[in-house]
Every structure is written in C-alpha cells, then in structure tokens.
Amino acid sequence: MFCNQCEQTSKGGACTTIGVCGKSPEVAGKQDELVAALIGLARAAEGKKPGKHADELVMEGLFATLTNVNFDPARFDEFNEIADKETTALGATQQYDPNALFKGDTDVVSLRSTLLFGLKGMAAYAWHAHVLGKDDTEVTGWFYKGLREIAKDHSVDEWLSLIMEFGQVNLKCMALLDEANTSTFGHPVPTKVSLKVEKGPFIVISGHDLLDLKQLLEQTEGKGINIYTHGEMLPAHAYPGLKKFSHLKGNFGTAWQNQQHELTDAPGAIVFTTNCMMLPKSSYRDNVFTSSIVGCPAVTHITEKDGEKDFSPVIKRALHLGGWKEDKQFTGINGGKEVTTGFARNTVMGVADTVIGAVKSGAIKHFFLVGGCDGAKTGRNYYTDFVKSTPANTAILTLACGKYRFNDLDIGQIGPLPRILDVGQCNDAYSAIQIAVALAGAFNCGVNDLPLTLVLSWYEQKAVCILLTLFSLNIKNIYLGPTLPAFLSPNVLKVLVEKFNIKPISTPEADLKAILG
C-alpha cells in the first residue's frame, strides 16, 4: 500500500499499512488498479469515440478513488470489470502497470501525482454536473487526455504546462457545475439555518449531491419525517428549489471528521451521498445508507433505476427509530445555535454597489477567503483563531466544510451584510472565483491587486484541483495549511513558491500582521 493523496497521510509522508481514513490495503490496491485500468481505457480511446458508458465510467471511477468516498472492495471489482470490457470494446487489451503510478524520479512522481489527484477532484465536479444533465465535451475529453499524459514521460516544464492547462479545464468544469445547480434549483439566497433537531422521525443526509437530496425530499413529503443536512450538504438550504420543502428543517452536526461521535446516539437514518464518509461505528452502522459513488462494506446501498433512487429503506429505518421524543438543541463548534449560508455569486453581485461603496468608504479594508476542507489533524484551530482575530473592518468569504470551524460565530456586520459570507460547498468554488473577478473588474485591477487574501485549508483531491485552477489564473500569495501536500517534492514546491508565492500558514497573529501590515 502507498497512498499520499490526502492531508492526513501517515506521519506526513504516506499510508503504507492502512489508511488513516480507514482504507484497507486491499481497497487501496484495487483503487490503483482502477486508475491503471482507466489509463488503459484512455489509451484505447485515443482517436475514437468511446461512448457514454465509457465517459461515465471514467468520471465515476476516478471519483470513487477520492479520500473517504468508497471503502467497498466489491464495488472496485465491478468498476475494474467494466473498464476491461470498455477497453476491449475499443479494440485494446494492454493495461498500464499500477505499480508505475508512484515510482520513478521524485520530481516526476510528484508532478504526475499532482495531475492525477487534480483529475480525481475534477471527476467529482463533472459527475455532479452530469447527473443534472450537464456535460462539456472539452471537460470529458480532458479526462482521457490527462490519463494518457500521466502514463507518458515529460520534462518538468511539460508537466507544469499540462497542470496549468488542466487548471483552466477544471475552471470550465466548475462553471458547468454552477450552471447545473443554479438552472436546476435556482440561485442560492441568504438563509439562516437552525441547528435544532425537532422531535420525531428524521433523516440526516450528508455529502454534496443535491439531486439525491431533492429525490429524498420528494419521497418523504407528507410522511412525518424531517430532513436535516450534514457537512457539505448545509448550503442546500439556500436553493429555492430545495428550501421550498417545509420538512427540510435544519442542519445536524458539524464537520465530517466529527461524525463518528455525533452520529453514535442519533435515533435517525443517515444517508451519505458523496465524500466525506468515515467508516461507521457498530453503534450506528445499521442506521447508515450509501448512495451514488459511496460504498462501505456491510452498509445498505441505495440503488438507482432510470435516474430515480428508491429511498424507501431509509424512510423505513427512520420511522422505525422514531427520532427523539423532545426537541434537541445542538450548537456549532463555538456554541452558536444557527448558521447562515447562501452568499453565492448571484447574491454578492446583487449587492455589488454596497460592497464597492463599503470598500471606497473604508468600511471594508480587506477581504479574506477562509475556506477549504476540514479535518481531524491538529492545527486546524488556526482557522477559527484567524477569523476571530480579523479586524472589524474586514469581510470573510468562506466555502466548503472548513467553515464549520467558525461559521456559528457572530462577529458582527458591515452595513447590511454579515462579516462571514458563506459562499457554499467546495463545489461552489466557481462562485468565489467569480466574486473575486467581479471585484477586480469593479476596481479596474487584477485579482492579485485586490485587498483580498486567500487562506485555505486542504484535505483531499477536490481541494487539489481548485488550487491548480487558482494557479492557472495566476492567483498568488495564497496561504495554505495546515500542512503542505506530502506529494509535492521539495523541487516542485520550490517552483510553486517562486511562481505563485504560495505560503504555509504560521500563526494567526503573524499571518495577519504580514497580510495587513
């Protein structure tokens, strides 16, 4: 086993006996075999039209290898069988050796890994767009191109050029997902979300798949079951097409890494639609269901037929458990009883005059984008302390599950706007980029010239692909933590520091002093 794709990798290097995430060596091996099989499929598809099933396999297969998505070896056997059939159908049988993925010159392995992990992240975004009926031939085609290039020899400059090209394609993919979400569910609007769980039967739904949530809401309507989001599903409350359901009540729990504690005694059914899932403890395993790409041994998987999923086993379990007999008031990490979301690009741009006026008057001196993934590793309290320490004349944009470190804080307002503006899921990074671009346009300058600093936390491969997109846009001076990626070799890191002035986080006090002077 060799896995160094996430931030919490063992001893800051690689997991070699068992994954810190709980992934077994067997599953790790099957994931590498699947990546190699997809490389073989991409080679076979060169100059041909592989077809819808092959396209879906590439997206699903790469998505399934993300951290905390699929722990089920049987599911990877199925993926590998399909990959072999699709490759054979294209007239090829030669496969790529999975052992070659992480062997070779240190810098080449580093660059190869960076592109591969970026592709994995983009596969998640592309799949979410695909299930909502949105595809782009350039994005889909680049999966095949990227997989083929991973198997080739390149100079360092050629690798860097490929990675920058990928970053631009991923931007197009994120725009595609934004269009898929907003055209299906409407543009998010600012929404306050309660952290109370009302008495009676309930279902907790986690992950990122908004279509799964919609189908669950439709199937539970009128059945006396309340629905609560968890983790990255929180921003769903802001979409008009979802918030119209009166039994979408609130948000349960905090960030993904706390789920084994928070779900232990919860008398409700739990659905994981995408990452980040942790292997459930025996105390609540029978209450857990998986959907879409997610897989876990001994956990019931919700199947799909003709685009519809049957959530009746989840509904049955929720009714059986019955929920709590009285309302339960939960809080965020900092004791808050509600959180606010829905400040996506459409909302922020709709009050652009207010924001621009606040900057010109001095009411807003600086913007911080404090967001990204959360995780269990020590050091992530940095982001809480950072936000708490920001001056009252600064605004904080945030997105992804990293916001759970501080999204229940009340740090005041600037005019009509709260100082903490939740843009949405990590899937909504396009919104944050568009806000930055719009601000730069309003002040007739580049993004790097704005009073804007990105302070990012990373954990898995979707964070990698977003970072590569930021690099492809030549966005500099990014603060990154809590640690730098283990798959970046010293020489590759040196190039990124020289080219983009990327900085590891230090302390909130020192970093704020450096940023604000």
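In this text the structure is predicted, and so the values were computed from the model without any measurement.

Which parts of the structure should I look at to understand the overall build of the chain?
Of the regular secondary structure elements, the chain holds 17 helices and 20 strands. Taken over the C-alpha trace, the chain has a radius of gyration of 22 Å; the compact-globule value for 517 residues is 24 Å, and the two agree within 12%. Its C-alpha atoms put the chain at 60 × 60 × 40 Å along the principal axes. Going through the 517 residues of the chain one by one, you find that 60% of them count as buried. Accessible surface for the chain amounts to roughly 19600 Å². Of this, 50% is attributable to carbon and sulfur atoms.

What is the right way to read the side chain of Glu 56 from this model?
Checked against the element boundaries, Glu 56 lands in helix H2 (residues 52–64). One buried charged residue, Glu 56, forms no salt bridge at all, with the nearest opposite charge on Lys 52 at 4.0 Å. Polar contacts involving the side chain of Glu 56 include one to the side chain of His 130, which spans 2.8 Å. Not counting residues up to four positions away in its chain, the partners in contact with Glu 56 are Trp 127 and His 130.

Explanation requested: the sheet that holds strand S8 (residues 300–301) in the structure shown.
Adjacent strands of a sheet pair through backbone hydrogen bonds, lying either parallel or antiparallel. Taken together, the six strands give an open sheet; going across it, the order is S5-S4-S3-S6-S7-S8, and neighbouring strands pair in parallel fashion. Across the chains shown, the open sheet's two edge strands, defined by having one partner strand only, are strand S5 (248–251) and S8. One ladder, built from four bridges, connects strand S3 (residues 202–206) with strand S6 (residues 269–272); its direction is parallel. The residue bridging Ile 203 from the neighbouring strand is Ala 269, located in S6. Taken strand by strand, helix H10 (residues 312–321) contacts S3, S6 and strand S7 (288–290), and its axis lies near 150 degrees from that of S6.

Whenever I open this one, the sheet that holds strand S13 (residues 366–372) confuses me. Can you help?
Taking strand neighbours across the sheet as the criterion, the six strands line up as S17-S14-S13-S18-S19-S20 in an open arrangement whose pairing is parallel. At either margin of the open sheet sits one strand with a lone partner, and together these are strand S17 (420–424) and strand S20 (503–504). Direction of pairing for strand S14 (residues 394–399) relative to S17: parallel, over a ladder of four bridges. By the bridge assignment for S17, Ile 396 is matched with Ile 420. Along the sheet, helix H17 (residues 508–516) contacts S13, strand S18 (452–457) and strand S19 (479–481); its crossing angle with S13, the most-contacted strand, is approximately 140 degrees.

Honestly, the nonpolar core in this entry has me stumped. Any pointers?
A general tendency of soluble globular proteins is for nonpolar side chains to be buried together. Counting 149 residues, the largest nonpolar core has Leu 119, Phe 143, Ile 203, Ile 227, Leu 242 and Phe 471 as the members making the most contacts within it. Beyond its immediate sequence surroundings of up to four residues, Leu 119 is in contact with Leu 62, Trp 142, Phe 143, Gly 146, Leu 147, Ile 150 and Phe 166. Formed by 16 residues, the second largest nonpolar core is a distinct cluster that contains Tyr 228, Leu 263, Ile 270 and Phe 272.

Before we go on, may I ask you to explain the packing of H2 against helix H4 (residues 106–131) in this structure?
Axes are the key here: two packed helices are described by the angle between their axes and the distance separating the axes. Contact geometry for H2 and H4: axes closest at 8 Å, N-to-C directions at 125 degrees. Taken as axis vectors, H2 and H4 run oblique relative to one another. Classified by chirality, the crossing of H4 by H2 is left-handed. Residues Glu 56, Met 59, Glu 60, Leu 62 and Phe 63 of H2 lie in contact with H4, whose contacting residues are Leu 119, Lys 120, Ala 123, Ala 124, Ala 126, Trp 127, His 128 and His 130. In terms of residue class, the contact of H2 with H4 is made up of eight nonpolar, two polar and three charged.

Rules used in this analysis
- Residues numbered from 1 in each chain as written.
- Predicted model: local features only at pLDDT ≥ 70, side-chain atom pairs only at ≥ 80, totals over all residues.
- Heavy atoms only, no water.
- Helix = DSSP H or I, 4+ residues; strand = E, 2+ residues; numbered from the N terminus.
- Rg over C-alpha atoms; globule rule 2.2 N^0.38 Å.
- Buried < 20%, exposed > 50% of the residue type's maximum accessible area, 1.4 Å probe, protein only.
- Areas by Shrake-Rupley, 256 points an atom, 1.4 Å probe, with all protein chains shown as cover.
- Lys, Arg positive; Asp, Glu negative; His and termini not counted.
- Salt bridge = Lys/Arg side-chain N within 4 Å of Asp/Glu carboxyl O.
- Polar contact = N/O pair within 3.5 Å; in protein donor to acceptor, adjacent residues only side chain to side chain.
- Contact = heavy atoms within 4.5 Å.
- Pairing = 2+ DSSP bridges.
- Axes fitted to C-alpha atoms, helices over the stretch in contact; angles between N-to-C directions.
- Core = buried A, V, L, I, M, F, W, Y, C linked by side-chain atoms within 4.5 Å.
- Parallel < 35°, antiparallel > 145°, perpendicular 65-115°, else oblique.
- Left-handed = near helix turned anticlockwise from the far one by under 90°.
- Nonpolar A, V, L, I, M, F, W, Y, C, P; charged D, E, K, R; others polar.

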